[in-house]
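Analysis of the macromolecular model
Here is how the chains run, residue by residue.
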Amino acid sequence: MSTISTQLRNFKEPTKDQLTHVFFSIPEVPPVPPKDTEKRGSGDIENMEINAILSFGAQEVEDSYAGKLHLLPPYLAFSSLDRKSVKFTLPLSTVRRVERLNARAGVYALSLSTWHGMKIIVQLTSLRPTADLFCSLLREALKAELQRGQMKAVKGFVKTCYSEGLVSLSGISDNEREDGSLITETKEGCPPPETEFHGGLGLQFKFPGDPKKLREASKIKLWTTYLKNHGRNLTLLRYPQCTRLVQVGLPNRLRGEMWETLSGSIYLRFSNPGLYDQLLLDIRGTNSTSFEDIEKDLHRSLPEYAGYQADEGISALRRVLQAYSHRNPEVGYCQAMNILAAAILIYMSEEQAFWLLEVLCDRLLPGYYSPTMHGTLLDQRVFESLVTRCLPMISDHFQAVDVQLSVASLPWFLSLYINSMPMVFAFRIADCFFCMGPKVLFQVGKAILKINGEKLLQIQDDGGFLNLMREYFASLGDSAHPESADPRTRAITRFQELLLISFREFAVISDETILSERRKYRNEIVNSIESFSKRSAVRNLKTLARFTKEQAGFIYDALYKAMCEVPPPPAAAPPPSLLTTADGNQEKAETRIGIPTFHVFLSEILTWARSEKIVINGFQQRIDREVAEHELIDRLFYFWDTSCKGSLSFQDLVSGLDGVMFNDLMENIEWFFNLHDKNKDGYLTKDEVLTLSESFLFIFRHEIGDAYLGAVSKFMTNAFEYGDSLLPQHTDSKTGAAEPREIGHNQPYLNLATFRMVVLADEVLESFFETDLSASFRLEPVPDLELPPASSGFLGDLWSNIATQDNRKMFNRLSDELGKTIGKHQVIYRPTIGRFTKLEEPTARESLISPQTKTTSSGSSLDTVVVSSSPSTLDTSSIHDGGPLSGSVFSPMPHLKAVNAAFMERTPFAIDDAGDDDDDSDLDMVHGEDDDRVLDEVDAFLEAHDSGLTEADKEMAKDLLNAEPVK
């Protein structure tokens, strides 16, 4: 069983609009079919961006910032000029009022009131017509949201968010412990408190870490103040203070909501109410291979946490993973998903965790949790490149002692460091990851290597590398400078040192850097994965028959190329009862192709399954290849479909080719006879004899001369003559002569022995079955397929847009028409057998084809140029199965082994235990010294941010705060 995927070939560079959606954490809006015009909402309104200056309605709260305002229906978004200081994404359904302000002459300003009572002032700094157009589109988008009824849904949705109760001072803290978990014990006769807001397993089983050491009370105070002034959940405004507070660490009780807000999964939950519950109903009573894999990993998901030692935690984890695999069957379930889901379920409800998992797998970490794990392997290659560039001594030492960096770094990236370091620290990194994006993984990884640089230069093998990293992670809570005389310096932990180095020394690693490096190494990774998949597919064959592994690799290459050109349709899953094997295990899925893909596959390896013509028009000389269409090829498809599934697997193709490529004369005659014996009764009917003759004519259609045409004519004459002679004889009552009895066209007529005698009576057909039939199946290296080109600047993009396949065809048609006009157009079809022709064919231009060794059939004086590539520009380097990869080629094997080893066992850390210690002699949790420490960090961070405005712009922004709406 083998699964062959061409998904990596379908990758396309994200467009500008897609990158904008990713930057603002906005889910892609699926296109609405033209028939469903009544269901259309704001998604079909044109997107637009405009220069603007953002001011906050509350005076003296925040500075004004210049940037761009984006209308991305059904969302309104803003980003500052540096794209990191200020950013917000507002669903239009949360905008309650929009007014134009009566400001100075020439100033075009809008006042937006949000659901949570915030007043946002936006000064549009573009030309007046542009500002008018933007306001018109904004008005249409708001009307569309009102018609959809989304504005009514906001009230019920925000009640599920913890921040609502936190800011409204409703007394929710009365039933909470210091770490944010709920107090379930109640007095006799008092019902347990009911909460509408969502929460995770930590509410019941407590959150990891000691709340006093984590300064939970101070963090809650700071976040309460920020959320009151800057909005919350759906209307959160992300100013510099927000980023700094995230880096200081999110409070346990607020962490789940902030994760979904910062990542954008809250918008998916808001726009898809009830979908998660419906998925749970759909999967009830069903089973799949993904479900079986999930069951195996459930009890290996953070087993040290109390919630996963109880049925409540295991059941919640099972439901989330099964719902995701059911909604995304192409991804299904991948190893390490259980670690992520188990971690986020500590802080989030099942529905929240489900949508966050979708954002993680689809947008934040694309390809990380796919069957090929191509995203993980690509980022490991990028990480190695960045280490070589920034830490060359460590990189050179690792190469010298043959230490694989990915042995340790791949689990870091796959589990967001959750499986490698204590949870209390890993969740701090996850906070920054959801706020700042995937670049955090690279920044933290390089900081770890730099901090341990001296010790890393002493290791000699992978084991020493892993042990050093394990020791370092276990000491993250220790002082980074234990010998210092300054108590403030001694108080700095190794984890604080790690974050400081990550975000200061490696701040140069930006999202643009990661995207650029991914483009650079994507093709290398794709080729490496495809080579590994090819070896796996050949290794998983039940039998190679008489083929060598190299020949089976050639068959795989031809099949893969055909699947890229004509993708097979996705097969519908049969009922579960039909998928169960004798031992009770579910049958593994395998890739099967239909007739259209089979036609292309056969044209790659069979000479008479394609038409090759040499075109000469006076301007160019080229070889065009066309896939032949004939009933014989369809007949061959069903002949090889021995399981009667209407499709062929890789094993079916190998077995089918084995049945013809190694035959001798008599075996080939029998094979061709059985191919046309439809009911397998050992006889050909008269209609089948005619069909067989048509098959001969199709195979010999491009042969030059009359030899083959005469052979087919002679075959038909002899076949009917010999066939009639073997029929029962009867005497004509009138003439008294013995004549063969008349039979129907569908009655048995010609048996194998007679057919063999007819074939051997003709020298041409005998020669065809003896050597030419088997020789027409040619297993040759298939040229490497072109991958989508990486973006290489303006000129590279311009050339890639010009040199397309459609443009090449258009140029060929134009040159052909010009050649016909001047009388120099000539087309020569290449013979598929070529035994009896002496016509010397011209050699095609070397730039358009891939010339191969000239071969001469026995008995022929013709030198034929065998070309296996089409006119499209294909790389002519051969693909060799099982060939050793060069040192510069990235191999996925060590990484896959690292995953299996890293996720089998997770080191327990004592610091993750929920702390109930009442001894607070070293920590002052009263409003005072501890709050001042956290605020000092925040203030120091804010001083480094500039709004990008001049003093005059700031004065103008202040004036707008007091401006009145236009009457």
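It should be noted that the structure appears before, not after, this text.
Please read these numbers as outputs of a predicted model, since none were measured by experiment.

With that settled, consider the sheet that holds strand β10 (residues 610-616). In spatial order, the strands read β11-β10-β17; together these 3 strands make up an open sheet with antiparallel pairing. Of all strands in the sheet, those with a lone pairing partner are β11 (621-627) and β17 (826-829), marking the two edges. Put simply, the sheet's adjacent strands are angled 25 degrees from each other on average, direction ignored. The pairing of β10 with β11 spans 7 bridges and is classified as antiparallel.

Turning our attention to the pattern of salt bridges. Taken as a whole and assessed by the stated rule, the structure comprises 29 salt bridges. For arginine 255, the salt bridge identified is with aspartate 431, shortest N-O distance 2.9 Å. Linking arginine 255 in helix α8 (residues 252-263) with aspartate 431 in helix α18 (residues 423-436), this pair joins segments that are 176 residues apart in sequence. This pair shows no difference in class: arginine 255 is buried, exactly as aspartate 431 is.

As a further point, take the pairing of strand β3 (residues 75-80). When you tally the buried positions in β3, you get 6 out of 6 residues, the bulk of the element. Side-chain alternation along β3 places Tyr75, Ala77 and Ser79 on one buried face and Leu76, Phe78 and Ser80 on a second face that is also buried. When strand β2 (residues 65-72) meets β3, the two strands line up antiparallel, connected through 6 bridges. Residue pairing across strands places leucine 72 opposite tyrosine 75, the latter belonging to β3. Once β2 ends, the chain turns through 2 residues before running back antiparallel as β3. Sheet analysis places β3 next to strand β4 (residues 87-91), joined by 5 bridges and oriented antiparallel. Bridged to tyrosine 75 within β4 is proline 91.

The next thing to look at is unusual backbone geometry. Omega for the peptide link from proline 73 to proline 74 comes to 5 degrees, which places this bond in the cis form. With respect to the element layout, proline 74 can be found in the loop between β2 and β3. For arginine 83, which is not glycine, the phi torsion reads 65 degrees and is therefore positive. Relative to the helices and strands, arginine 83 is located in the loop between β3 and β4. By relative accessible area, arginine 83 is classed as partly exposed at 43%. Even without a glycine there, the phi angle at lysine 206 is positive, about 75 degrees. Inspection of the secondary structure puts lysine 206 in the loop between α5 (202-205) and α6 (216-230). Here lysine 206 falls in the partly exposed class, since its relative accessible area comes to 22%.

The rules behind these values
- Residues numbered from 1 in each chain as written.
- Predicted model: local features only at pLDDT ≥ 70, side-chain atom pairs only at ≥ 80, totals over all residues.
- Heavy atoms only, no water.
- Pairing = 2+ DSSP bridges.
- Helix = DSSP H or I, 4+ residues; strand = E, 2+ residues; numbered from the N terminus.
- Axes fitted to C-alpha atoms, helices over the stretch in contact; angles between N-to-C directions.
- Salt bridge = Lys/Arg side-chain N within 4 Å of Asp/Glu carboxyl O.
- Buried < 20%, exposed > 50% of the residue type's maximum accessible area, 1.4 Å probe, protein only.

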